[in-house]
Amino acid sequence: MSTSSQTAVTPVNSDPTAGPPFSSLPLPPPTVANLQRLGYERMTPIQAASLPLALAGKDLIAQSKTGSGKTAAFALPLLANLNPRRFAVQAVVLCPTRELAEQVTQEIRRLARAEDNIKTLTLCGGAPIRTQIASLAHGAHIVVGTPGRILDHLSRDTLALDALNTLVLDEADRMLDMGFAEDIANVIKLCPAQRQTLLFSATYPDGVAKMASRFMREPQEVKLTERH
Ligand code: ADP
Ligand code: MG
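Criteria and cut-off values
- Residues numbered from 1 in each chain as written.
- Chains lettered and ligands numbered in written order.
- Predicted model: local features only at pLDDT ≥ 70, side-chain atom pairs only at ≥ 80, totals over all residues.
- Helix = DSSP H or I, 4+ residues; strand = E, 2+ residues; numbered from the N terminus.
- Rg over C-alpha atoms; globule rule 2.2 N^0.38 Å.
- Contact = placed C-beta atoms within 7 Å.
- UniProt positions renumbered as here; feature names shortened; annotations may be inferred.
- Core = buried A, V, L, I, M, F, W, Y, C linked by C-beta atoms within 7 Å.
- Buried ≥ 20, exposed ≤ 12 C-beta atoms within 10 Å, placed from the backbone.
- Near = placed C-beta within 6 Å.
- Nonpolar A, V, L, I, M, F, W, Y, C, P; charged D, E, K, R; others polar.
- Axes fitted to C-alpha atoms, helices over the stretch in contact; angles between N-to-C directions.
- Parallel < 35°, antiparallel > 145°, perpendicular 65-115°, else oblique.
- Left-handed = near helix turned anticlockwise from the far one by under 90°.
- pLDDT = per-residue confidence, 0-100.
- Pairing = 2+ DSSP bridges.
- Arc of directions from axis to C-beta.

## Here's the deal with the overall build of the chain
Reasoning step 1: Secondary structure assignment for the chain yields 9 helices and 8 strands.
Reasoning step 2: Whereas a compact globule of 228 residues would reach a radius of gyration of roughly 17 Å, the chain reaches 17 Å, a difference of no more than 12%.
Reasoning step 3: Overall size of the chain, expressed as C-alpha extent along the three principal axes, is 50 × 45 × 30 Å.
Reasoning step 4: In the chain, once contacts between residues fewer than 6 apart in sequence are set aside, the share between residues at least 24 apart is 73%.

## Section: the UniProt feature "short sequence motif: Q motif" (unreviewed entry) in the chain
Reasoning step 1: Residues annotated by UniProt as "short sequence motif: Q motif" (unreviewed entry) correspond here to residues 20–48.
Reasoning step 2: Strand forms 0% of residues 20–48 and helix 45%; the C-alpha atoms that close the span are 7 Å apart.

## A short note on the nonpolar core
Reasoning step 1: Within the largest apolar cluster, 58 residues are counted, with the highest numbers of intra-cluster contacts made by Val-92, Leu-94, Val-143 and Leu-199.
Reasoning step 2: When residues in this core are grouped by element, the largest group, 7 residues, is from helix H3 (residues 70–80).
Reasoning step 3: Excluding residues that lie within four positions of it along the chain, Val-92 makes contacts with Val-143, Ile-150, Leu-161, Leu-164 and Leu-167.

## Digging into unusual backbone geometry
Reasoning step 1: The phi dihedral of Asn-117 falls on the positive side, at around 50 degrees, and the residue is not glycine.
Reasoning step 2: The topology assignment puts Asn-117 in the loop between helix H4 (98–111) and strand S4 (120–123).
Reasoning step 3: Here Asp-157, not a glycine, exhibits a phi torsion of approximately 65 degrees, which is positive.
Reasoning step 4: Along the chain, the position of Asp-157 falls in the loop between helix H6 (147–156) and strand S6 (166–169).
Reasoning step 5: Given 7 C-beta atoms within 10 Å, Asp-157 falls into the exposed group.

## Here we look at the site of ligand 1
Reasoning step 1: Near ligand 1 the following residues occur: Gly-39, Tyr-40, Met-43, Thr-44, Gln-47, Thr-66, Gly-67, Ser-68, Gly-69, Lys-70, Thr-71 and Ala-72.
Reasoning step 2: A total of 3 residues in the shell around ligand 1 trace back to one element, the largest contributor, which is H3.
Reasoning step 3: Partitioned by chemical class, the residues of the shell around ligand 1 number 3 nonpolar, 8 polar and 1 charged.

## Focus on the packing of H3 against H4
Reasoning step 1: At a minimum axis separation of 10 Å, H3 and H4 run at an interaxial angle of 55 degrees. Comparing the axis directions of H3 and H4 gives the class oblique. As for the relative orientation of H3 and H4, their crossing is right-handed in sense. Where H3 abuts H4, its residues Thr-71, Ala-72, Ala-75, Leu-76 and Leu-79 lie against Val-104, Glu-107, Ile-108 and Leu-111.
Reasoning step 2: Looking at the contact of H3 with H4, its residues break down into 7 nonpolar, 1 polar and 1 charged.

## Re the confidence of the model for the chain
Reasoning step 1: On average, the chain scores 92 in pLDDT, and the residues at 70 or more come to 91%.
Reasoning step 2: Note on residues 1–14: pLDDT under 50 across the span, and 31 contacts to partners over four residues away in sequence or across chains.
Reasoning step 3: Per the prediction output, this complex has pTM 0.93; the corresponding ipTM is 0.99.

## Re the pairing of strand S7 (residues 196–201)
Reasoning step 1: A large share of S7 lies buried, amounting to 5 of its 6 residues.
Reasoning step 2: Here strand S2 (residues 60–63) pairs with S7 via 4 bridges, running parallel. Of the residues in S7, the one forming a bridge with Ala-62 is Phe-200.
Reasoning step 3: In the sheet, S6 pairs with S7 via 4 bridges, with the strands oriented parallel.

## A few points about helix H8 (residues 181–189)
Reasoning step 1: Every buried residue of H8 is listed here: Ile-184, Val-187 and Ile-188. The arc that holds the buried residues of H8, viewed along the axis, is 100 degrees, so those residues lie on one side. Seen from the buried face of H8, the exposed residues on the opposite side, beyond 90 degrees, are Glu-182 and Lys-189.
Reasoning step 2: In this structure, the buried residues of H8 make contact with strand S3 (91–94), H6, S6, helix H7 (172–177) and helix H9 (206–215).

## Some remarks on the packing of helix H2 (residues 45–55) against H3
Reasoning step 1: Contact pair H2 / H3: the axes reach a minimum separation of 9 Å and the direction vectors enclose 20 degrees. If you check the angle between H2 and H3, you find them roughly parallel. Relative to H3, the crossing made by H2 is right-handed. Note on element contacts: H3 touches H2 through Lys-70, Ala-72, Ala-73, Phe-74, Leu-76, Pro-77 and Ala-80, opposite Ile-46, Gln-47, Ser-50, Leu-51, Ala-54 and Leu-55.
Reasoning step 2: Here the residues of the contact of H2 with H3 are counted per class, giving 10 nonpolar, 2 polar and 1 charged.

Structure representation (structure tokens):
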């Protein structure tokens, strides 16, 4: 069954400097200033297509190739939904591998405004769970990790998601390839129904479409296809 959604197919623009400026988005001026400091002046095509929808609170399915700037396309909406004064996990980003989760954590930390003191934790398998439990006990606003380890913390009650407002599935196609479908479904069961779900993928196979139709609410679709 297909999702009921609008599809905007936009060709990838090969000139990354041609996109609209971040200042055209409904972002607080300090966030735009921080982006400028990072050298982010203009949006990449996937950012220009996704950010207005995601910042308006829509569920979103976004597909574009690796290296096109998908991290900021979900990190900025996730940070916009966050209340820095509420010290509880308000966002979860599921990633296929530890390496990718660490990259996403780094990018979120760069994009967050320093004065907000946002705490972001990476939770992946292969790292000692005791250390992660101790870090979680100190509190966090954002958790980034692999589905298996996040589910492990949820079943131990060392992580609770009752304050979650944004769920991100990053590299959804790779997570399914790696056999994470069931773990993802079990994590989602423990997320509040009232939330924004953002799904990012480099490709859009049937499995990803099926997952989206199960877990998303009237998702908008943004797919960037390359012109040949
Ligand atoms: P993807 O997730 O699509 O593979 P990334 O989010 O990892 O892509 O971004 C690729 C690179 O582009 C990163 O080094 C990131 O810092 C940089 N980048 C992303 N958006 C912008 C932008 N608007 N302006 C300049 N650099 C950007
Ligand atoms: Mg990415």
